[in-house]
Every structure is written in structure tokens, then in C-alpha cells.
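One-letter residues, chain by chain:
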Amino acid sequence: MRLGVYNAILHDRTLPEALEVIASLGLTGIELNAGGFLPAVHIPSLDDILVSDAARDDFLAQFEGTGVEIAGLNCNGNPLHAKADIRARHAEDVRRSIRLAARLGQTRVVTMSGLPGSDETARFPNWIVNAWNSAHLDVLDYQWRVVGDFWREIDRLAADHGVKVALELHPQNVVFNTRDVHRLVETTDATHIGVELDASHLFWQQMDPVAVVRELGELVFHAAAKDVRINRETAQLYGVLDNGFRRLDPSESRTSLGGDEWANEWPKPAAWDFVALGKGHDTAYWTEFLRALHEVDPDMWVNIEHEDVELGRVEGLEVAAAVLRDADRALQESLGQG
């Protein structure tokens, strides 16, 4: 498999410095953030690249001789947000990322399906977790109309540019499991929309990423390597949908999600945590995860996403990279390629 890193955890460094870190880990790709919830820190000349061959060539020259190449673009956000300003910006980021990918010779853009409000008058997104009430199905009917209109347009744009859009199956989005993926593809007649298989969000939903890969097959375009640890003593009391988050004060360090929305502090204690590979599932599991992806596409990028707050930026990447490399080596040996 082709192994890399999603660059958000290295936004505190310049692009050349980030490439040095990734190469030192024995990895060969960097997935670049191009908008959405986070800014395009490592693509400061983004707008120029879209219109200037010289700007594009200058940007690509930074990768020469580093041993690291671009491993897709990422613009995770909410392009269907109930607030018009956030919706418009994130939706345009998706469109712009598709155009940018084509300019850079890339064929994968990672994002999220998005989450509208409950109806046309809503002020905030509304995630229906368990639609036991008939009114909740009314909300979902409205949301799926919004989803269908937007992603039908994006699929055509992606096809025109030779790019495939890979949706992260992230809760707080309309599309977050295998049934939703099939429904989206059928609703839009999509040919260029599929999945970025991020195992972490499947783990805490009690889904099996390996089974999901095999169910979706060629609809899996891209993958993220991020682990989850279920903290059983807490989960048995609060469940995995625990909402014990704390709102951060403006005086505290916090991450903007667009407009006046910010990331909250994780529950303490937490029912589950994002952790580096190996802290939730062992190397043998990740070997089988890579095997399932290999059955779909042996050249698929599998990029580490580091959100383990117990480990430093580079430290967490080192831990994850060691497990991912070992898993890939075990896969190759089992296939007679070692």
C-alpha cells in the first residue's frame, strides 16, 4: 500500500519541514488540507496555482528530491450547513479543491457529506441519531433532498476534472455508514463519489472497518489510519454518544470550525478516545485492514491522521507509523511480496 500522513498535525511547521518529518518516518505521502474546517496552511499560493502554470510548477518543485509526494487533498467541512455563510464557504472549498486537485495532477479529494438543518428555516445543523419519531423521518427526507441536489452537482464537476471525491464516514453528517453511501450513490447516479475509509469513526460506532471495506468495495477510494480506544468503565455508564463536552472560553486556545463555531473540549473521563495506531487495535488488526484495502486497490493511499492528545505531534506520528509499516510488511509477506 502507499502510506502517508494527513498534514493537519504538522501545520505548526513549514511545508519543507513537514516533508522532512514524513520522510523520516519512512512514509512517502502527504495529504494536504485545502480548506473547510481548517485553512490551507501548506498551500499558501492556492489561488495562484489555479490560474498560473508557473505558480503550480513552483509549488510542485518543493516536493522534488524529498521522497514525499502529494497523497490527495482534504477539505473536510460542512458544505450543507444551515448557516448560509458557512455553507457557501465550505461548498466553494469543495469545488475549489476539485479544481486544484486537477491542476496538481491529483485524483482524490477528501471531504464530508455535510449536515443541513432540520428544514429551510433552521439556524443550526440537525443530526438525527435515531429516527424512531415520524417527525425525524420528515427531517431526513428534507436533508436528503438537500444532499442529493448538492452532491449531484459535485459529482458532475468531479467527473469533468477527472477527480474522485472521497467522503469520510463521519457522524454529525448525513452519510456516516454503508447504507448511507449506497443511498447517496443511487440518489445522485454518482460515478465519482465514494468513501475515504477512516477506521476511527467506524470503531466507536461499533462497526468493523474491514467488513465495511469489503461491503463497499470499489466505492472505497482513499483511507485514513487512525485508531480508537473504547474506555469500557466510562462507556458502560455513559455510552459512546456521551455529550459531556465543555465549551472553551474565548481566552483559551480553541479551533475555529467556521463562522462563530468552535471545537469543544473532550469529555473527562471519555467513553472513547482517538489514539495512535496500536493503542486501540494491534498490528494484526491493521494488517487485515490493509489487506481489505489492497483487495480494492493495491495503490490506494492510507494516510495517518494523528489526534492522540496523550502524545506529541511527532511522537504520535512515530508510534502510528511504526505500526502501519509493520502491518504493511506483514501484508506483503503474506502475499509473497516481502
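You'll find the structure just up there.
### A short note on the sheet that holds strand β7 (residues 220-225)
Two orientations exist for strands paired in a sheet by backbone hydrogen bonds: parallel and antiparallel.
Next, step 1: Strand order in the closed barrel made by the eight strands is β1-β2-β3-β4-β5-β6-β7-β12, with parallel pairing throughout. Taken over all neighbouring pairs, the strand axes of this sheet differ in orientation by 35° on average, direction set aside.
Next, step 2: Bridge count for strand β4 (residues 108-111) against strand β5 (residues 164-168) is four bridges, and the pairing is parallel. Residue V110 lies in a different strand from β5, and its bridge partner there is A166.
Next, step 3: Here helix α10 (residues 283-296) sits on the sheet and contacts β6 (193-198), β7 and β12 (301-304); the angle it forms with β7, its principal contact strand, is near 160°.

### Quick notes on the pairing of strand β3 (residues 69-74)
Within a regular strand, the side chains alternate between the two sheet faces.
Next, step 1: Most of β3 is tucked away, with five of its six residues classed as buried.
Next, step 2: Relative to β3, strand β2 (residues 29-33) runs parallel, the two sharing four bridges. When the sheet's bridge partners are listed, L32 is paired in β3 with L73.
Next, step 3: Direction of pairing for β3 relative to β4: parallel, over a ladder of two bridges.

### Re the pattern of salt bridges
Next, step 1: Going through the model one piece at a time under the given rule, you end up with 26 salt bridges.
Next, step 2: Linking D47 and R96 is a salt bridge whose minimum nitrogen-to-oxygen distance equals 3.6 Å. Of the two residues, D47 sits in helix α2 (residues 46-51) while R96 sits in helix α4 (residues 84-103), which places them 49 residues apart along the sequence.
Next, step 3: By relative accessible area, which is 51% here, D47 ends up exposed.
Next, step 4: What emerges from the salt-bridge pattern is a single network uniting R229, D273, K279, D308 and E310.

### Observations regarding the nonpolar core
What tends to happen in soluble globular proteins is that the nonpolar side chains get buried as a cluster.
Next, step 1: By size, the foremost hydrophobic cluster in this structure holds 93 residues, and its most contacted members are I43, L73, W151, F289, L293 and V302.
Next, step 2: If we ignore the near neighbours within four places in the chain, the residues touching L73 are E31, L32, A34, I43, S97, L100, A101, L104, R108, V109 and V110.

### Structural notes on the packing of aromatic side chains
Next, step 1: For the structure on display, the rule yields twelve aromatic pairs.
Next, step 2: Geometrically, the ring pair formed by F203 and W286 is edge-to-face, given 5.9 Å between the ring centres and 90° between the ring planes. You can see F203 sitting in helix α7 (residues 199-204) and its partner W286 sitting in helix α10, a full 83 residues away along the chain. Taken as a pair, F203 and W286 share a single burial class, namely buried.
Next, step 3: Aromatic rings pair up to connect W204, F245, W266, W272 and F274 into one cluster.
Next, step 4: Stacked on the ring of F274, the Lys or Arg K226 has its end atom at 3.8 Å from the ring centre.

### Things to note about the layout of surface pockets
Taking a probe equal in size to a water molecule and rolling it over the atoms shows the remaining empty space.
Next, step 1: Each pocket or cavity is described by its volume, and for the second largest pocket that value is around 380 Å³.
Next, step 2: Every residue lining the second largest pocket is counted, 19 residues in all, and those nearest its centre are I128, V129, F176, N177 and D180.
Next, step 3: Elements supplying a minimum of two residues to the lining of the second largest pocket: α5 (134-161) and α6 (178-188).
Next, step 4: Taken together, the residues that form the lining of the second largest pocket break down as eleven nonpolar, five polar and three charged.

### A word on the environment of L32
Next, step 1: Topologically, L32 is positioned in strand β2.
Next, step 2: Between the C-alpha atom of L32 and that of I98, which follows or precedes it by 66 residues, the distance is 13 Å.
Next, step 3: Look past the residues within four positions of L32 in its chain and what remains in contact with it is N7, L15, H42, I43, F59, F63, I70, G72, L73 and N74.

### Some details on helix α1 (residues 15-24)
Next, step 1: Among the residues of α1, L15, A18, L19, V21 and I22 are the ones counted as buried. Taken end-on, α1 shows its buried residues confined to a sector of 160°, consistent with a single buried face. In α1, the exposed positions that point more than 90 degrees away from the buried face belong to E20 and S24.
Next, step 2: Considering only its buried residues, α1 is in contact with β1 (2-6), β2, α3 (53-61) and α11 (313-334).
Next, step 3: Trailing α1 by a residue or two, G26 shows a phi angle of about 80°, which is positive.

### A few points about the environment of N173
Next, step 1: Its place among the elements puts N173 in the loop between β5 and α6.
Next, step 2: Owing to a relative accessible area of 4%, N173 belongs among the buried residues under this scheme.
Next, step 3: Between the C-alpha atoms of N173 and D119, which are 54 residues apart in sequence, the distance is 15 Å.
Next, step 4: Not counting residues within four places of it along the chain, the set of residues in contact with N173 comprises M112, S113, G114, L115 and W127.
Next, step 5: A polar contact of 2.8 Å, which involves the side chain of N173, links it to the backbone nitrogen of G114.

How each quantity is defined
Residue numbers restart at each chain and count upward from 1, following the sequence in its written direction. Confidence filtering applies because this is a predicted model: local features only for residues at pLDDT of at least 70, side-chain atom pairs given and counted only at 80 or more, and all residues used for totals across whole chains, interfaces and linings. With hydrogens and water stripped out, all remaining heavy atoms of the structure feed into the side-chain values. Should DSSP find at least two bridges between two strands, the strands are taken to pair. Strands here mean DSSP runs of E at least two residues long; helices mean DSSP runs of H or I at least four residues long; both are numbered from the N terminus. Here, axes are lines fitted to C-alpha atoms. For helices the fit covers the stretch in contact, and angles between N-to-C directions go from 0 to 180 degrees. By definition in these notes, contact holds between two residues if any of their heavy atoms fall within 4.5 Å. Throughout this description, buried means an accessible area under 20% of the type-specific maximum (1.4 Å probe, protein chains only), exposed means over 50%, and partly exposed covers the range between. Basic side-chain nitrogens of Lys or Arg form a salt bridge, by our definition, when they fall within 4 Å of a carboxyl oxygen of Asp or Glu. Buried residues of nine kinds, namely Ala, Val, Leu, Ile, Met, Phe, Trp, Tyr and Cys, make up a nonpolar core once their side-chain atoms join them within 4.5 Å. The pairing test for Phe, Tyr and Trp rings, Trp by its six-membered ring, is centres within 6.5 Å, and the orientation test on the planes gives stacked under 30 degrees, edge-to-face over 60, and tilted for anything in between. Note on criteria: charge over ring means Lys NZ or Arg CZ within 6 Å of the ring centre, with the direction from the centre no more than 35 degrees off the ring normal. A 1.4 Å probe that fits into a set of points on a 1 Å grid over the protein atoms alone but cannot get out defines a cavity; an open set with protein on both sides within 12 Å along at least five of seven lines defines a pocket, and lining residues are those with an atom within 4 Å of a point. Grid points are joined across faces, edges and corners, and a volume is the space filled by probe spheres set on the points. All residues other than Ala, Val, Leu, Ile, Met, Phe, Trp, Tyr, Cys, Pro, Asp, Glu, Lys and Arg, Gly among them, are scored as polar; the first ten of these are nonpolar and the last four charged. Each C-beta atom gives one direction from the helix axis, and the arc is the one those directions make. Here a polar contact is recorded for every N or O atom pair within 3.5 Å, except that within protein the pair must consist of a potential hydrogen donor and a potential acceptor, and residues adjacent in sequence are included only if both atoms are side-chain atoms.

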